[in-house]
Amino acid sequence: MSEAESNKSAARSGNPAKREAAAEAAESRRKPVKPVKIGNRWAAPLMIACAVIGLLWIVAFYTAGNDIPVMKDLESWNLVIGMGFIVAAFGFAMKWE
């Protein structure tokens, strides 16, 4: 016999102790769970900052990549870095309400 079936039969039982226990068990299952707030105040500014930094990184690489020593050493990995910032912006967008 499953737990739900045993609780049903206990609720209809002639034994008052079993009836009370079944009623308490039913009440404890029916309590609504409060939703967890996932929104954060800092998510929107970080989202915008990451998107702008990623965009500026890629634009700087294409326009002046040979003149900037760090970008010259990284070569095509600059695209990965810029896109990484943009992907991080999408991650922060999921935290924003």
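Residues numbered from 1 in each chain as written. Predicted model: local features only at pLDDT ≥ 70, side-chain atom pairs only at ≥ 80, totals over all residues. Heavy atoms only, no water.

Caption draft 1: Spatial organisation of the overall build of the chain. A tally of helices and strands in the chain yields 5 helices and 0 strands. Along the chain, from the amino end to the carboxyl end, the secondary structure elements read α-α-α-α-α. Here the chain holds 97 residues, and the buried ones make up 19% of them. In the chain, of all internal contacts separated by at least 6 residues, the share reaching a separation of at least 24 is 60%. For the chain, the accessible surface area stands at approximately 7,900 Å², while carbon and sulfur atoms represent 65% of it. (Helix = DSSP H or I, 4+ residues; strand = E, 2+ residues; numbered from the N terminus. Buried < 20%, exposed > 50% of the residue type's maximum accessible area, 1.4 Å probe, protein only. Contact = heavy atoms within 4.5 Å. Areas by Shrake-Rupley, 256 points an atom, 1.4 Å probe, with all protein chains shown as cover.)

Caption draft 2: Representation of the packing of aromatic side chains within the structure. Tallied over the full model, the rule gives 2 aromatic pairs. Both rings, one in W42 and one in F92, keep their centres 6.0 Å apart while their planes meet at 85°; by these two values the pair is edge-to-face. Within this pair, whereas W42 is found in the loop between α2 (16-30) and α3 (43-64), its partner F92 is found in helix α5 (residues 77-95), the two being separated by 50 residues in sequence. Ring geometry for F61 against Y62: centres 5.4 Å apart, planes inclined by 55°, an arrangement best described as tilted. The buried category is assigned to F61, whose relative accessible area is 18%. Among the residues examined, Y62 registers a relative accessible area of 59% and is labelled exposed. (Phe/Tyr/Trp six-rings, centres within 6.5 Å; stacked < 30°, edge-to-face > 60°.)

Caption draft 3: Here's a closer look at the environment of A51. Within the secondary structure, A51 is located in helix α3. A sequence separation of 38 residues divides A51 from A89, and the C-alpha atoms of the two residues are 5.4 Å apart. Those residues within four positions of A51 in sequence are excluded, and the remaining contacts are F85, I86 and A89.

Caption draft 4: A look at a nonpolar patch on the surface. A surface patch of nonpolar side chains, amounting to about 280 Å² of accessible area, comprises I48, V52 and L56. Here V52 shows up in helix α3. (Patch = residues over 30% accessible without salt bridge, like charges linked within 9 Å, V, L, I, M, F, W, Y side chains within 5 Å. Salt bridge = Lys/Arg side-chain N within 4 Å of Asp/Glu carboxyl O.)

Caption draft 5: A look at the side chain of N78. Among the secondary structure elements, N78 is positioned in helix α5. If near-sequence neighbours (up to four positions away) are discounted, N78 is found in contact with W57, F61 and M71.

Caption draft 6: Broad picture of the packing of α3 against α5. At a closest axis distance of 8 Å, the pairing of α3 and α5 adopts a crossing angle of 165°. Between α3 and α5, the angle falls in the class roughly antiparallel. For the crossing formed where α3 meets α5, the hand is left-handed. On α5, the residues that touch A43, L46, M47, C50, A51, I53, G54, L55, W57, I58, F61 and Y62 of α3 are N78, L79, I81, G82, M83, F85, I86, A88, A89, F92, A93 and K95. A breakdown of the residues in the contact of α3 with α5 according to their chemical character gives 20 nonpolar, 3 polar and 1 charged. (Axes fitted to C-alpha atoms, helices over the stretch in contact; angles between N-to-C directions. Parallel < 35°, antiparallel > 145°, perpendicular 65-115°, else oblique. Left-handed = near helix turned anticlockwise from the far one by under 90°. Nonpolar A, V, L, I, M, F, W, Y, C, P; charged D, E, K, R; others polar.)

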